[in-house]
Amino acid sequence: MAESDWDTVTVLRKKGPSAAQAKSKQAVLAAQRKGEDVETSKKWAAGQNKQHSITKNTAKLDRETEELHHDRVPLEVGKVIQQGRQSKGLTQKDLATKINEKPQVIADYESGKAIPNNQVMGKIERAIGLKLRGKDIGKPLEKGPKGK
């Protein structure tokens, strides 16, 4: 047992500072004093509840000259929906229930305020039996085999 040296300590793995300790202000200052490279970056609105803040692109949008807006359903289509619904004896609420949409959706389509959605337009077409898209708007819908 004379061969064993009690003063020698072998370290297999030394843990560095944890992530929280490495990011602390003290650790950053200590690293700067030692002359080590320290990279710091401030996160924008970090830890704050700034969900509805003004974005950087607001000024860019303000300078934009082109008028940007969504296309709406033409009034012609709204009138066709209204006439087709009334010819079937349906209220807006009945038609909405029939196509699984809210009554406000039907009201928006009839008044021309809605942004056209092909799925909703297809449901309304089938429910009232009139074409709402293409060249022959208002003509009866041909019932043919559904092709896929």
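Scoring rules and cut-offs
Residues numbered from 1 in each chain as written. Predicted model: local features only at pLDDT ≥ 70, side-chain atom pairs only at ≥ 80, totals over all residues. Heavy atoms only, no water. Helix = DSSP H or I, 4+ residues; strand = E, 2+ residues; numbered from the N terminus. Polar contact = N/O pair within 3.5 Å; in protein donor to acceptor, adjacent residues only side chain to side chain. Contact = heavy atoms within 4.5 Å. Buried < 20%, exposed > 50% of the residue type's maximum accessible area, 1.4 Å probe, protein only. Salt bridge = Lys/Arg side-chain N within 4 Å of Asp/Glu carboxyl O.

## Quick look at the side chain of Glu 110
Note that Glu 110 resides in helix H6 (residues 103–111). A polar side-chain atom of Glu 110 sits 2.6 Å from a polar atom in the side chain of Arg 85. A polar contact of 2.7 Å, which involves the side chain of Glu 110, links it to the side chain of Gln 92. With sequence-adjacent residues up to four places away left out, Glu 110 is seen in contact with Gly 78, Ile 81, Gln 82, Arg 85 and Gln 92.

## Section: the environment of Leu 132
Take Leu 132: it is sitting in the segment after helix H7 (118–128). Taking relative accessible area as the criterion, Leu 132 reaches 2% and is therefore assigned buried. C-alpha of Leu 132 to C-alpha of Val 80: the two residues are 52 residues apart in sequence and 7.4 Å apart in space. If sequence neighbours within four positions are ignored, Leu 132 has contacts with Val 77, Val 80, Ile 81, Met 121, Ile 124, Glu 125 and Ile 137.

## Regarding the pattern of salt bridges
This structure, assessed with the given rule, holds 4 salt bridges. Of the charged contacts in the structure, one is a salt bridge between Arg 85 and Glu 110, with a shortest N-O distance of 2.6 Å. One end of the pair, Arg 85, is in helix H4 (residues 75–87); the other, Glu 110, is in helix H6, and 25 residues separate them in sequence. Note on Arg 85: relative accessible area 8%, which makes it buried.

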